[in-house]
Amino acid sequence: MRFTKVLLTAAMSLGVAASAHAADDLKIGFVLPMSGPHASYGLQILNGAKLYMQQHGDTVAGRKVQILVKDDTGVAPEISRRAAQELVNREHVDVLAGFGLTPSAFAVAPLSASAKMPMVVMNAATSSVTEKSPYLVRTSMTLPQNSAPMATWALANGIKRVHTLAADYGPGHDAEKQFIKTFTAGGGEIIGEVRTPVQNPDFSPYLQRIKDAKPDAIFMFVPSGEQGVSFLKSYASRGLAEEGIKLIATGDLTDEDVLDAMGDPALGLITSFHYSDAHDSELNKQYTEAYAKAYPGVRPNFMSMGGYDGMHLIYEVLKKTNGDASGDAFIAAAKGMSWESPRGPITIDPETRDIIQDIYIRKVERRNGRLENVEFDVIKQVKDPGKADK
């Protein structure tokens, strides 16, 4: 009798402990550039994540959600790694998230793998990022996913000879490689390639070299932000448009964060991308209105959408797992998940843990007194072509 009572007491104690664990706060540790030249990346991702929480509450599956943020300052892998280690070892977070740039994601992925911790990448866009940890899932994009449709569109619209210009780091290499692959496979000719420094490049000498080569167009990729503004000014001042040299790019160039600063030289630019704040859907209308109310004076861009959909993924996974955020349970629940986003329909590829989504061809137009990326064509449900041959 006494032995049975002891067993019952022990069982009840274990049950209480399990319930207490299930009710622990869900801690999400964000590693983001909140200062330095890429601070807008961190701000936009965090804005999107927080907006999702404002709309859907701060509790999921009985667990109150906490966001903890560490600043990695930008392209600084050692700082990113140290920030993630502090979040895991000192703050005991359940999920790692954010990652504005590829070097940050590369630096932290081994920690995710060894700790078996879910890692939700909300921007870093090099194709191979998802291969660095089996517990990593991405809600943003890959550069090949956006550059392949641009190559297809160029070929269909009379562009036969292209000179590429790409920033000399993972996303730039990815964008350039996939564009060249798709463009040449369709009969196009690459007449030259240049790679520019990631930090503070002077584009003038590169553009003069390209002008002298006389291509039909430049395909370019530089990190989203001020570099795009600087590039466009150099493109205009060197008179390449007057020489009939078109400019085509992935949508990073005309990111809403800097589009207004580009002014009239941006009018008519053709880009391929997965999100525009001018996307014509009721969900996006609701999103942009809510964003404008929450963050006056800031336009939502693709990074905000990566943060917003990243939080959606985390919430829906926790609902499926009844609050279990352990790595294996989290990733099993995330694989194959589909939903309607403000950007359009998206799915987490069950094989690669990458995102499948519509890619839009857009043209910069002035509407309602501001520049917008107006979509005029769409390629439905594009998988990452960077993994197609693997």
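Quick caveat: nothing in here was measured; it's all calculated off a predicted structure.

**Student:** I'd like a description of the sheet that holds strand 4 (residues 95-98), backed by residues and values.
**Tutor:** Spatially, six strands are ordered 2-3-1-4-5-6 in an open sheet, and the strand pairing comes out mixed. A single partner strand is all that each edge strand has here, and the edge strands are strand 2 (59-60) and strand 6 (136-138). Both strand 4 and strand 5 (residues 119-121) contribute to a ladder of three bridges, which runs parallel. Bridging across to strand 5, Ala-97 finds its partner in Val-120. Here helix 3 (residues 77-89) sits on the sheet and contacts strand 1 (26-32), strand 3 (63-71) and strand 4; the angle it forms with strand 1, its principal contact strand, is near 170 degrees.

**Student:** Give me the lowdown on unusual backbone geometry, citing residues and values where you can.
**Tutor:** Phi at Thr-73 takes a positive value of approximately 70 degrees, unusual for a residue other than glycine. Its place among the elements puts Thr-73 in the loop between strand 3 and helix 3. The backbone of Asn-200 sits at a positive phi, close to 50 degrees, despite the residue not being glycine. Within the secondary structure layout, Asn-200 lies in the loop between strand 8 (189-196) and helix 7 (204-213).

**Student:** I'd like to hear about the pattern of salt bridges, residue by residue, with values.
**Tutor:** Taken as a whole and judged by the stated rule, the model has 18 salt bridges. Between Arg-299 and Asp-277 there is a salt bridge; the shortest N-O distance is 3.0 Å. Of the two residues, Arg-299 is situated in the loop between helix 10 (282-294) and helix 11 (302-321) and Asp-277 in the loop between strand 11 (270-273) and helix 10; the sequence distance between them amounts to 22 residues. In this pair, the class of Arg-299 matches that of Asp-277, namely buried. Between Lys-387 and Asp-384 there is a salt bridge, with its nearest N and O atoms 2.8 Å apart. Relative accessible area serves as the criterion here: at 10%, Lys-387 is assigned to the buried category.

**Student:** Give me the side chain of His-312: which residues, what numbers.
**Tutor:** With respect to the helices and strands, the residue His-312 is situated in helix 11. Its relative accessible area of 16% is what places His-312 among the buried residues. Beyond its immediate sequence surroundings of up to four residues, His-312 is in contact with Tyr-52 and Trp-339.

**Student:** Can you tell me about the packing of aromatic side chains, naming the residues and giving the values?
**Tutor:** Tallied over the entire structure, the rule returns 11 aromatic pairs. Look at Phe-179 and Phe-183: their rings are 5.2 Å apart centre to centre, the planes differ by 20 degrees, and that puts the pair in the stacked class. Highlighted residues: Phe-179 and Phe-183, both in helix 6 (residues 170-185), separated by four residues, approximately one helical turn. Across the pair, Phe-183 and Phe-179 agree in class, each one buried. Both rings, one in Phe-273 and one in Phe-302, keep their centres 4.8 Å apart while their planes meet at 80 degrees; by these two values the pair is edge-to-face. Of this pair, Phe-273 sits in strand 11 while Phe-302 sits in helix 11, placing them 29 residues apart in sequence. Judged by relative accessible area, Phe-273 falls into the buried class, the value being 2%. Judged by its relative accessible area of 3%, Phe-302 is buried. Through successive ring pairs, a cluster of aromatic residues spans Tyr-52, Tyr-287, Tyr-291, Tyr-295, Tyr-308 and Tyr-315. Here Lys-132 stacks its cationic end above the ring of Phe-106, 5.4 Å away from the centre of that ring.

**Student:** Break down the nonpolar core for me, citing the residues and quoting the values.
**Tutor:** Grouped burial of nonpolar side chains is what soluble globular proteins tend to show. Ranked by internal contacts, the top residues of the largest apolar core, which has 67 residues, are Ile-28, Phe-30, Val-120, Met-311, Leu-313, Ile-314 and Phe-330. Residue contributions to this core peak at 10 residues, all from helix 11. If we skip the residues at most four places from it in the chain, Val-120 touches Val-95, Leu-96, Ala-97, Gly-98, Phe-99, Val-137, Thr-139, Gly-310, Leu-313, Ile-314 and Phe-330. In terms of nonpolar packing, the next biggest core, distinct from the first, is built from 25 residues, Phe-203, Val-222, Leu-247 and Met-262 among them.

**Student:** Any chance you could break down the pairing of strand 3 for me, citing the residues and the numbers?
**Tutor:** Side chains on a regular strand alternate between the two faces of the sheet. Strand direction decides the pairing type here: strand 1 and strand 3, joined by seven bridges, are parallel. Bridged to Val-31 within strand 3 is Lys-70. Pairing analysis gives two bridges linking strand 2 to strand 3, with the strands arranged antiparallel. Its bridge partner being in strand 3, Val-60 is matched across the sheet by Arg-63. Turn length for the strand 2-strand 3 hairpin, with the two strands adjacent in sequence and antiparallel, is two residues, and the turn residue Ala-61 shows positive phi of about 50 degrees.

**Student:** For the pairing of strand 7 (residues 161-167), give the residues involved together with the corresponding values.
**Tutor:** Of all seven residues in strand 7, six are buried; the element is thus mostly enclosed. Where strand 7 and strand 8 come together, seven bridges link them in parallel fashion. Considered in strand 8, the bridge of Arg-161 is made with Glu-189. For the crossover from strand 7 across helix 6 to strand 8, the handedness is right-handed. The pairing of strand 7 with strand 9 (residues 217-221) spans five bridges and is parallel. Its bridge partner lying in strand 9, His-163 is registered against Ile-218.

**Student:** Could you give an account of a nonpolar patch on the surface, with specific residues and numbers?
**Tutor:** Residues Met-34, Leu-43 and Val-69 make up a contiguous nonpolar surface patch of about 210 Å² in total accessible area. Within the secondary structure, Leu-43 sits in helix 2 (residues 39-56).

**Student:** Go over helix 3 with me, naming the residues and quoting the values.
**Tutor:** Along an α-helix, residues three or four positions apart point the same way, because every turn accommodates 3.6 residues. An ideal rise of 1.5 Å per residue puts 18 Å on 13 residues; helix 3 measures up with 18 Å between its terminal C-alpha atoms. Among all positions in helix 3, only Ser-80, Ala-83, Ala-84, Leu-87 and Val-88 are buried. The arc enclosing the buried residues of helix 3, seen along the axis, measures out at 130 degrees, which places them on a common side. Exposed side of helix 3, more than 90 degrees from the buried face: Glu-78 and Asn-89 are the residues found there. Tucked into the core, helix 3 has its buried residues touching strand 1, strand 3, strand 4 and helix 4 (102-115).

Definitions and limits used
Residues numbered from 1 in each chain as written. Predicted model: local features only at pLDDT ≥ 70, side-chain atom pairs only at ≥ 80, totals over all residues. Heavy atoms only, no water. Pairing = 2+ DSSP bridges. Helix = DSSP H or I, 4+ residues; strand = E, 2+ residues; numbered from the N terminus. Contact = heavy atoms within 4.5 Å. Axes fitted to C-alpha atoms, helices over the stretch in contact; angles between N-to-C directions. Salt bridge = Lys/Arg side-chain N within 4 Å of Asp/Glu carboxyl O. Buried < 20%, exposed > 50% of the residue type's maximum accessible area, 1.4 Å probe, protein only. Phe/Tyr/Trp six-rings, centres within 6.5 Å; stacked < 30°, edge-to-face > 60°. Lys NZ or Arg CZ within 6 Å of the ring centre and 35° of its normal. Core = buried A, V, L, I, M, F, W, Y, C linked by side-chain atoms within 4.5 Å. Right-handed = clockwise from strand over helix to strand, strands pointing away. Patch = residues over 30% accessible without salt bridge, like charges linked within 9 Å, V, L, I, M, F, W, Y side chains within 5 Å. Areas by Shrake-Rupley, 256 points an atom, 1.4 Å probe, with all protein chains shown as cover. Expected span 1.5 Å × (residues − 1). Arc of directions from axis to C-beta.

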